[in-house]
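A look at the structure
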Amino acid sequence: MEEKYDNELLTEIVDHFSDEIFVTDNMGTVLLVNEVCEYNYGIPAEQLIGKNIKELEDSLFYPSATIEVLKRERPVEIMQRTTRGKRLFVKSRPIFNDEGKLLRVISYARDLTINSELQQRINLLEKQLKENDQDKQDQEFKDVIAQSESMKNVLKLTLKIARTDTTVLISGETGVGKNMMAKKIHSLSHRNQSPYKEVNCANLSNLALDMELFGSKDYGVRGIIELTNGSTLYLDEIDEMPYDMQSKLLNVLENQQLVTQGNNKVEMDIRFLVSTRKNLEELVKEGKFREDLYYRLNVIPIKVPPLRERKEDVSPLAFYFLNQLNEKYGQTVSLSPIVMNAFFEYEWAGNVREMRNLLEKLVITSDTSEIKLDQLPPNIKAGSISHAKSLPDKLEQLERYLIIESYDLYKSSYKVAESLGISQSSAIRKIKKYINQ
Ligand SMILES: Nc1ncnc2c1ncn2[C@@H]1O[C@H](COP(=O)(O)OP(=O)(O)OP(=O)(O)O)[C@@H](O)[C@H]1O
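Sequence order as written defines the numbering, with residues in each chain counted from 1. pLDDT decides what is reported in this predicted model: residues at 70 or higher carry local features, side-chain atom pairs at 80 or more are listed and counted, and totals for whole chains, interfaces and linings draw on all residues regardless. Note that water and hydrogens are dropped before the side-chain values are worked out from all heavy atoms of the structure.

A separate point is the overall build of the chain. Segments assigned H or I by DSSP are reported as helices when at least four residues long, segments assigned E as strands when at least two residues long, and all are numbered from the N terminus. Within the chain one finds 21 helices and 17 strands. Burial analysis of the chain (437 residues in total) assigns 43% to the buried set. In the chain, 60% of the contacts between residues at least 6 apart in sequence involve partners at least 24 apart. Note that accessible areas follow from Shrake-Rupley with a 1.4 Å probe, and for residues the cover is restricted to the protein chains shown. When the accessible surface of the chain is totalled, it reaches about 24,500 Å², and 51% of it is carbon and sulfur. Remark: exposure states derive from per-residue accessible area (1.4 Å probe, protein chains only) relative to the maximum for the residue type, with buried under 20%, exposed over 50%, and partly exposed in between. Contacts are assigned to residue pairs with any non-hydrogen atoms lying within 4.5 Å of each other.

Here you go:
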């Protein structure tokens, strides 16, 4: 009786096994197969029983692992293709009786097509997820110009960390957009309904900064740290914070508590975003910045690269600001290609802010619709000359600058020749060299 149940149990297990099971006798006659066979070969299991493996090879699959085991009398592992287009990984092994005579061959086959289909599905889902992320990024950052790979990476990281609560250290030269990124982080965070506060640590005297941040009992004022509880506080130019004050800030960060001017211990829940123009690690080495505070702040570092290291952003930024400013001042000013070239060559020590300010001045003051090279400040006109190292290089850059400036103004090789006192053929040659290349 129990044997019957055991057989039923065995059939149940075999039929529900996710791999194919295929058993033959020592002549290759099929004795047992499970339901997976139907899926792999397109034939119901019953129709396979009693058939010989040699009849099945080629018509249903190739090669047969069972035939190999029958030949060699030892375990075999092979890759098999079925006429239904499946790729199976087959493991077959012989079963011997007590006298060592081959009795059965049992094979297990795993469908690798499922794996690759699964992989394709995963790839597709990952792709959709990435596109989704890209859409989201484009939407959230539509007012942030980022054509360069390095800026795109900054945005990607910003999007990723905005919704967390970690402290972020934003570093970069003046005017690269640190402030803008900090505001983005806040507006994309769950704190965006509470007011974002910022304090510049370089603009105030030590005493005033202390009072601004921590408040004053004498004057009965509450500090901005206390007032920002629950929201985001951006500490701009943290590198300028006096050493002693750094300990007070560290205390708040470490203990998430603040002793207020009213002498109450308040639990703090502030997200700190800090920025630095200087290399904080260097300042730590020089003993000007507390190492413990540095590590506490540097949880997620975001480095916003200077404009000269991401030239691809120069013209998109210029067009973006030009549009914005034209609209603001009711103008229709554009930049001549040569001016665009000068923008590209220039080093922009003041970065994006310097470019925006210059464009604002040009849009306001220009009385022509196209800005010409001679309307630019000398440092930008001559920007590319200062990069040249040797005298011959400098001379060539100077020549290039004069030719470009003159051609930008006159748009005629004859006039360029006349204005610079050279022959027209020489002017043509130089225009070709520096402009039309
Ligand atoms: N990628 C950008 N796209 C659009 N506008 C930008 C971009 N980067 C910077 N700006 C604009 O340039 C100006 C300067 O940026 P921001 O004040 O964020 O720089 P910063 O690095 O914080 O400067 P500082 O170190 O002087 O505080 C702002 O008007 C900002 O909106």
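If you trace the backbone, P337 turns up in helix 15 (residues 337-345). Taking the C-alpha atoms as reference points, P337 and L373, separated by 36 residues in sequence, lie 9.3 Å from one another.

Along the chain, the position of S406 falls in helix 19 (residues 391-410). A residue is classified by how much of its surface remains accessible, and S406, at 6% relative accessible area, is buried. Other than its neighbours up to four places away in sequence, S406 contacts K411, V416, S419 and L420.

Proximity is defined per residue: any heavy atom of the residue falling within 4 Å of a molecule or strand makes that residue near it. Not every one of the 18 residues close to the ligand is listed here, only the nearest: I145, K178, N179, M180 and R277. A 3.5 Å cut-off defines polar contacts: any pair of N or O atoms within that distance qualifies, except that in protein one atom must be a possible hydrogen donor and the other a possible acceptor, and neighbouring residues in sequence count only when both atoms are side-chain atoms. M180 has a polar backbone atom sitting 2.9 Å from an oxygen atom of the ligand. Protein contacts shield 86% of the accessible area of the ligand, which totals 640 Å² for the unbound molecule. Only helix 8 (178-187), helix 14 (314-329) and helix 16 (351-365) provide two or more residues apiece to the shell around the ligand. A per-class count over the shell around the ligand returns eight nonpolar, four polar and six charged. Residue type decides the class: Asp, Glu, Lys and Arg count as charged, Ala, Val, Leu, Ile, Met, Phe, Trp, Tyr, Cys and Pro as nonpolar, and the leftover types, Gly among them, as polar.

Turning next to helix 9 (residues 206-214). Every buried residue of helix 9 is listed here: L209, L213 and F214. Relative to the axis of helix 9, the buried residues are bounded by an arc of 100 degrees and lie together on one face. Just downstream of helix 9 lies G215, where phi reads positive at about 80 degrees. Taken from the helix axis, the directions to the C-beta atoms give the arc we talk about.

It is worth spelling out the pattern of salt bridges at this point. Opposite charge on two side chains lets them pair, provided their charged atoms get close. Salt bridge, as used here, is a side-chain nitrogen of Lys or Arg placed within 4 Å of a carboxyl oxygen of Asp or Glu. Enumeration according to the criterion identifies 25 salt bridges in this entry. Between E396 and K433 there is a salt bridge, with its nearest N and O atoms 3.6 Å apart. One end of the pair, E396, is in helix 19; the other, K433, is in helix 21 (residues 424-436), with 37 residues separating them in the sequence. Residue classification places K433 among the partly exposed positions, given a relative accessible area of 42%. Within the structure, one salt-bridge network assembled from shared partners comprises E68, K71 and R72.

Now for the sheet that holds strand 14 (residues 271-276). DSSP-based pairing: two strands are paired if at least 2 bridges between them are found. Strand order across the open sheet formed by five strands is 8-11-14-7-15, with parallel pairing between neighbours. The sheet is open, and its two borders are formed by strand 8 (197-200) and strand 15 (300-303), each paired with just one other strand. The mean angle between the axes of side-by-side strands here comes to 20 degrees, regardless of whether they run parallel or antiparallel. The pairing of strand 7 (residues 168-171) with strand 14 spans four bridges and is parallel. In the sheet register, V168 faces strand 14, and the bridge partner there is L273. A fitted line through C-alpha atoms represents every axis, and for helices the fit uses only the stretch in contact; the resulting angles, taken between N-to-C directions, go from 0 to 180 degrees. Helix-sheet contacts for helix 8 involve strand 7, strand 8, strand 11 (232-236), strand 14 and strand 15, and the interaxial angle to strand 7 is about 155 degrees.

Pairing between strand 4 (residues 76-82) and strand 5 (residues 87-96): six bridges, direction antiparallel. Within strand 5, the residue paired with V76 across the bridge is S92. Where strand 5 and strand 6 (residues 102-111) come together, nine bridges link them in antiparallel fashion. Each residue of the ladder has a partner; that of S92, found in strand 6, is S107. If you look at the hairpin formed by strand 5 and strand 6, you'll find five residues sitting between the two strands, and G100 has a positive phi there, around 85 degrees.

If you trace the backbone, T228 turns up in the loop between helix 10 (224-227) and strand 11. Here T228 falls in the buried class, since its relative accessible area comes to 1%. Ignoring sequence-local partners within four residues, the contact set of T228 consists of P195, K197, L233 and I270.

Turning next to the sheet that holds strand 6. Adjacent strands of a sheet pair through backbone hydrogen bonds, lying either parallel or antiparallel. Read across the sheet, six strands follow the order 2-1-6-5-4-3 without closing on themselves; strand pairing throughout is antiparallel. Two strands lie at the open edges of the sheet, namely strand 2 (30-33) and strand 3 (61-62), each paired on one side alone. Against the sheet, helix 6 (residues 112-140) touches strand 4, strand 5 and strand 6, its axis set at about 10 degrees to strand 6.

The next thing to look at is the pairing of strand 7. Burial of the side chains of strand 7 extends over both faces: V168 and I170 are buried on one face and L169 and S171 on the other. Both strand 7 and strand 15 contribute to a ladder of four bridges, which runs parallel. Within strand 15, the residue paired with I170 across the bridge is I302.

Where helix 15 meets helix 19, the axes come as close as 10 Å, and the angle between the chain directions of the two elements is 150 degrees. Here helix 15 is positioned roughly antiparallel relative to helix 19, judged by the angle of their axes. Each of I338, V339, N341 and E345 in helix 15 lies in contact with helix 19, whose residues at this interface are R400, I404 and D408. Its residues assigned to classes, the contact of helix 15 with helix 19 shows three nonpolar, one polar and three charged. Orientation labels follow simple angle bins: below 35 degrees gives roughly parallel, above 145 gives roughly antiparallel, 65 to 115 gives roughly perpendicular, and whatever is left gives oblique.

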